[in-house]
There are 2 protein chains.
Amino acid sequence: VKTEFEFIEKLRSAYGLGKVGDDCAVLPKDDQLDLVITSDLLVEEIDFRLDWTTPELLGHKALAVSLSDVAAMGAEPRSALLSLGIPEALWRSDLVARFYEGWHRLARAFLVELVGGDVSRSPKGLFIDSTVLGDVPKARAIQRNGASPGDGIFVAGTLGGAAGGLKLLESGSRMGGDTPSDKAVLLEKQLKPSPHLSIANCLQTQQLATAMIDISDGLSSDLGHICRESGVGAEIRAEKLPIEPALESFFNSAESLDMALNGGEDLALLFTGDREKILAAALPNVRHIGEVTANVGSIELITGDSRQPLLPKGYRHF
Amino acid sequence: VKTEFEFIEKLRSAYGLGKVGDDCAVLPKDDQLDLVITSDLLVEEIDFRLDWTTPELLGHKALAVSLSDVAAMGAEPRSALLSLGIPEALWRSDLVARFYEGWHRLARAFLVELVGGDVSRSPKGLFIDSTVLGDVPKARAIQRNGASPGDGIFVAGTLGGAAGGLKLLESGSRMGGDTPSDKAVLLEKQLKPSPHLSIANCLQTQQLATAMIDISDGLSSDLGHICRESGVGAEIRAEKLPIEPALESFFNSAESLDMALNGGEDLALLFTGDREKILAAALPNVRHIGEVTANVGSIELITGDSRQPLLPKGYRHF
């Protein structure tokens, strides 16, 4: 059985697709800038359930996942297109208007302009294709293939919260209520994730990152993408992982570790670069979690004195 | 009940979306060029049926409809993104590989490079979001709002063939067999439409068109879009319409006229401009069909000595 990653790899080599396979494609724009562009599908029953969220939150998330891809290139988002497939019954409700309202609330915060898209009837289920374009200084897009042995490995943001939120939703929890709580934190990580654009901007301005990806499939899978594209190995330390603190109210430490390693959708940023310089920059919410090695093909998780291979167990559509 | 056009209009004014509403959005690129970008959804059971086409033809059509939008801006296509929602059973078949093969065959012909996209599982039904980016000389994108009273109205390509092909498919005809025939012509208009990029390129180079749109919804609707955006009226002559000749093998003249006026998907180009200059340019397959008038809000069809309002009866999703 082919996975989606194997399939994309096959397409890349069959058709010579040099620009496919990073968080965004990078295209030449002008003398100073390159253009980056990314598309992300969100499909009802696969990526979201309408009874677990609100139309506004869904609009937020559809934009947030693409903004996170732009952030992961060290780029600034500028414009967006939205394509929606909408079942007849939902078209007649206020869902679509509320979706655009949630989308625009986030778009305004980052000065992103909606410039196009498409609307179609869908025979069953809502689906969304979110496309975002951005700018990055010429030849300075931060890709997946720039990690070198000796680089430190870092995470911006916390891990596992979105997966924890999903588990709470599955067991019946819902957004609502106005007291801040660990439950609300986890549900928000899943339903209203925040892209880390300002940290990405700092990394770009100070040229600190050699490779970067946003953790959308899960740390274990996404670290695998960086290692494969860069032709390097990696070791990370379990005790250094920025596991989302709110998880401990609902899950034991083994469950939390599993979600931090393999849960997707956190929109945390995973990046590599000179350890001393990055630590000296004292960026907020950035944690050093391990090292890039020359041991190509090997990704290890170190727990105390023991090492074990970290297998990619993140989310796959196929 | 709100139509999709009313809804998009509402979004445009609610959020001040100045770049939404043409065939493509136009974004600044560099000193010489603007960037155009368009997205088109194709949804199974709405826009296509898998038992009426082949995966290769579907790949062709998914790209062709977006190339036609780029052509309608007087722009050159350069890059593309493809997002596919795929049911599990189709993923395990050869459909996706054959879809990309058909897509790439057309892409190579126009030197379009696939740079990104997304792949997701779909719980039911295949869907495709096709995004194409192109270049156009700075400030020379041909929009819908440039028509002036006195301009001639022209069509490049024939009308009604795609609608005729759809009717043949509905009554059981299928592609196949190797003798050229009117049936094959109509089925190909529906299943393997050709975007008119070279004529669009001539219009751009010689700066002949004041407004342009590709006929994807139907002449009556798409002429309405130009008139509304330009603040003008129009009159067209029934006997001048380039009705697809192959229609006469299967349909009477009233049916053929209806398909030419209201059938979508022909990917013909509808444009306006100086009548004498455009006729002098002697562009192949370009027909003069009427005149832009100062009679705002009035679009009339002239048949012999009689005039009647031409109501927008083209395709609507909602």
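Since the model is a prediction, treat every value here as computed from it, not as a measurement.

What counts as what
- Residues numbered from 1 in each chain as written.
- Chains lettered and ligands numbered in written order.
- Predicted model: local features only at pLDDT ≥ 70, side-chain atom pairs only at ≥ 80, totals over all residues.
- Heavy atoms only, no water.
- Axes fitted to C-alpha atoms, helices over the stretch in contact; angles between N-to-C directions.
- Helix = DSSP H or I, 4+ residues; strand = E, 2+ residues; numbered from the N terminus.
- Parallel < 35°, antiparallel > 145°, perpendicular 65-115°, else oblique.
- Contact = heavy atoms within 4.5 Å.
- Nonpolar A, V, L, I, M, F, W, Y, C, P; charged D, E, K, R; others polar.
- Core = buried A, V, L, I, M, F, W, Y, C linked by side-chain atoms within 4.5 Å.
- Buried < 20%, exposed > 50% of the residue type's maximum accessible area, 1.4 Å probe, protein only.
- Least-squares fit on C-alpha atoms with pLDDT ≥ 70 in both.
- Pairing = 2+ DSSP bridges.
- Buried area = accessible area lost by both parts, 1.4 Å probe.
- Salt bridge = Lys/Arg side-chain N within 4 Å of Asp/Glu carboxyl O.
- Polar contact = N/O pair within 3.5 Å; in protein donor to acceptor, adjacent residues only side chain to side chain.

A. Up close: the packing of helix α5 (residues 161–170) of chain A against helix α6 (residues 182–191) of chain A. Residues and elements named next belong to chain A. It is the contact of α5 with α6, at a shortest axis distance of 7 Å, that shows an interaxial angle of 105°. In terms of orientation, α5 lies roughly perpendicular with respect to α6. Residues Gly161, Ala162, Gly164, Gly165, Leu166, Leu168 and Leu169 of α5 pack against Lys183, Leu186, Leu187, Lys189, Gln190 and Leu191 of α6. Of the residues assigned to the contact of α5 with α6, the class counts are seven nonpolar, four polar and two charged.

B. A look at the nonpolar core. In terms of nonpolar packing, the biggest core is built from 59 residues, with Ile86, Tyr100, Ile128 and Phe271 of chain A touching the most fellow members. With eight residues, helix α2 (residues 55–71) of chain A is the single largest residue contributor to this core. Excluding residues that lie within four positions of it along the chain, Ile128 of chain A makes contacts with Asp40, Leu41, Leu42, Phe48, Leu58, Ala62, Leu82, Ser83, Leu84 and Phe99 of chain A. Of all hydrophobic cores here, the second largest spans 58 residues; its members include Leu58, Val70, Ala75 and Ala200 of chain B.

C. Looking closely at the relation of the copies chain A and chain B. Mapping chain A onto chain B leaves a residual RMSD of 0.0 Å; the transformation is a rotation of 180° accompanied by 0.0 Å of translation along its axis. When the rotation and shift are considered jointly, the pair of chain copies conforms to a two-fold rotation axis. Among all C-alpha atoms of chain A, that of Asp30 of chain A lies closest to the rotation axis, at 2.5 Å. The overlap is high: 100% of the interface residues of chain A also sit at the interface in chain B, so the same surface is used on both sides.

D. Seen up close, the pairing of strand β6 (residues 152–156) of chain A. Residue and element names in this part refer to chain A. β6 sits mainly inside the fold: five of its five residues count as buried. In this sheet, strand β9 (residues 269–273) lies alongside β6 in antiparallel orientation, the contact comprising five bridges. Within β9, the residue paired with Gly152 across the bridge is Gly273. As paired strands, β6 and strand β10 (residues 286–293) are joined by five bridges and run antiparallel to one another. By the bridge assignment for β10, Gly152 is matched with Glu291.

E. Representation of helix α9 (residues 253–262) of chain A. Listed in full, the buried residues belonging to α9 of chain A are Ser256, Met259, Ala260, Leu261 and Asn262 of chain A. Packed against the buried residues of α9 of chain A are α5, α8 (219–230), β8 (233–237) and β11 (299–303) of chain A.

F. Here's a closer look at the pairing of strand β5 (residues 127–137) of chain A. Residues and elements named next belong to chain A. Counting buried positions along β5 gives 10 out of 11 residues, so the element sits mostly inside the fold. With 11 bridges connecting them, strand β2 (residues 33–43) and β5 associate as antiparallel partners. Among the inter-strand pairings, Thr38 is bridged to a residue of β5, identified as Val132. For strand β3 (residues 76–86) and β5, the ladder comprises nine bridges, and the chain directions are antiparallel. Each bridged residue has a counterpart across the sheet, and for Ser79 the counterpart in β5 is Leu133.

G. Inspection of the interface of chain A and chain B at higher detail. Listed by partner, the interface residues are 60 residues for chain A and 60 residues for chain B. Buried surface at the junction of chain A and chain B, summed over both partners, amounts to about 5100 Å²; 67% is from carbon and sulfur atoms. Of all residues in chain A, the largest losses of buried area upon contact with chain B belong to Tyr15, Trp91 and Phe318 of chain A, amounting jointly to 15% of the total for that side. At the surface where chain A touches chain B, the tally comes to two salt bridges. Between Lys19 of chain A and Glu113 of chain B there is a salt bridge; the shortest N-O distance is 3.3 Å. Across the chain A-chain B interface, the total number found is 13 residue pairs in polar contact (both at pLDDT 80 or more). Those elements that provide at least two residues to the side of chain A that touches chain B are α1 (4–15), β1 (25–28), β2, β3, α3 (88–91), α4 (95–109), β4 (113–121) and β5 of chain A. Considering every element that reaches the side of chain A that touches chain B, the biggest residue donor is β4 of chain A, with nine residues.

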